[in-house]
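Now for the letters of each chain:
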Amino acid sequence: QVQLVESGGGLVQAGGSLRLSCAASGRTFSNYAMGWFRQAPGKEREFVAGISWNGGNTVYADAVKGRFTISRDNAKNTVLLQMNSLKPEDTAVYYCAGKYVGFSMGVYVHQRTYDYWGQGTQVTVSS
């Protein structure tokens, strides 16, 4: 079992920045690929960014490329999402997710492939 806890959400003006953090506990964090997803009101949850177990591979949704950066620190069991140049359409609940991969270098974009989820953190971007 892996527990994931997100933090760092809040209210920010358009053009501003936020850094989300996901703290993991339980199993060996470095055996997990990680991802960030988001769900806006009235919309389905969507992929934002993903990272391989060692940080060597990353994938981003087109909507956030060049503005968001995913990273991880396996020594601290954390994965981060740095969000810059935020837009009102980035407003959503952001979720951290983990998928057991052993030492596979894969990055996963489909939410149904993930094994564990956090409770989410609200990000609101005002115009």
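Model, not experiment: these values are computed from the prediction.

Asker: Can you walk me through the overall build of the protein chain in this structure?
Answerer: A count of helical and extended segments in the protein chain gives zero helices and 11 strands. Overall, the protein chain shows an N-to-C arrangement of helices and strands of β-β-β-β-β-β-β-β-β-β-β. Taking 127 residues into account, the globule formula puts the C-alpha radius of gyration at 14 Å, and the protein chain, at 13 Å, falls close to it. Split into buried and exposed, the 127 residues of the protein chain put 45% on the buried side. The long-range fraction of contacts in the protein chain, counting pairs at least 24 apart against all pairs at least 6 apart in sequence, stands at 61%. Carbon and sulfur atoms provide 48% of the accessible area of the protein chain, an area that totals close to 6300 Å². Placing the 12 positive and 8 negative side-chain charges of the protein chain at their respective mean positions leaves the two points 4 Å apart.

Asker: Mind showing me how you'd approach the pairing of strand 8 (residues 78-83) here?
Answerer: Along a regular strand, successive side chains alternate from one face of the sheet to the other. Where strand 3 (residues 18-25) meets strand 8, six bridges bridge the pair, whose relative direction is antiparallel. Each bridged residue has a counterpart across the sheet, and for C22 the counterpart in strand 8 is V79. As paired strands, strand 7 (residues 68-73) and strand 8 are joined by six bridges and run antiparallel to one another. Bridging across to strand 8, R72 finds its partner in V79. Hairpin geometry of strand 7 and strand 8 is characterised by an intervening segment of four residues between the two adjacent antiparallel strands and by a positive phi of about 55° at N77.

Asker: It is not clear to me how the nonpolar core should be interpreted in this structure. Could you clarify?
Answerer: Generally speaking, a soluble globular protein has its nonpolar side chains buried in company with each other. By size, the foremost hydrophobic cluster in this structure holds 33 residues, and its most contacted members are M34, W36, V79, L81, M83 and Y94. When contributions to this core are tallied by element, the ones reaching two or more residues are strand 3, strand 4 (32-39), strand 5 (46-51), strand 7, strand 8, strand 9 (92-100) and strand 11 (121-126).

Asker: Would you mind showing me how to read the packing of aromatic side chains here?
Answerer: To describe a pair of aromatic rings, one takes the distance between the centres and the angle between the planes. The tally for this structure, following the rule as stated, stands at seven aromatic pairs. Measuring from ring centre to ring centre gives 5.3 Å for F37 and Y114, while their planes differ by 80°; the resulting arrangement is edge-to-face. Pair noted here: F37 is in strand 4 and Y114 is in the loop between strand 9 and strand 10 (116-117), with a separation of 77 residues, a long-range link. Each of the two residues, F37 as well as Y114, counts as buried. Among the aromatic residues, those joined into a cluster by ring pairs are F37, F47, Y114 and W117. When the ring centre of Y95 is taken as origin, the NZ or CZ atom of R45, which lies over that ring, is 5.0 Å away. Above the face of the F29 ring, R72 is positioned so that its terminal group lies 4.4 Å from the ring centre.

Cut-offs applied
Residues numbered from 1 in each chain as written. Predicted model: local features only at pLDDT ≥ 70, side-chain atom pairs only at ≥ 80, totals over all residues. Heavy atoms only, no water. Helix = DSSP H or I, 4+ residues; strand = E, 2+ residues; numbered from the N terminus. Rg over C-alpha atoms; globule rule 2.2 N^0.38 Å. Buried < 20%, exposed > 50% of the residue type's maximum accessible area, 1.4 Å probe, protein only. Contact = heavy atoms within 4.5 Å. Areas by Shrake-Rupley, 256 points an atom, 1.4 Å probe, with all protein chains shown as cover. Lys, Arg positive; Asp, Glu negative; His and termini not counted. Charge placed at Lys NZ, Arg CZ, Asp CG, Glu CD. Pairing = 2+ DSSP bridges. Core = buried A, V, L, I, M, F, W, Y, C linked by side-chain atoms within 4.5 Å. Phe/Tyr/Trp six-rings, centres within 6.5 Å; stacked < 30°, edge-to-face > 60°. Lys NZ or Arg CZ within 6 Å of the ring centre and 35° of its normal.

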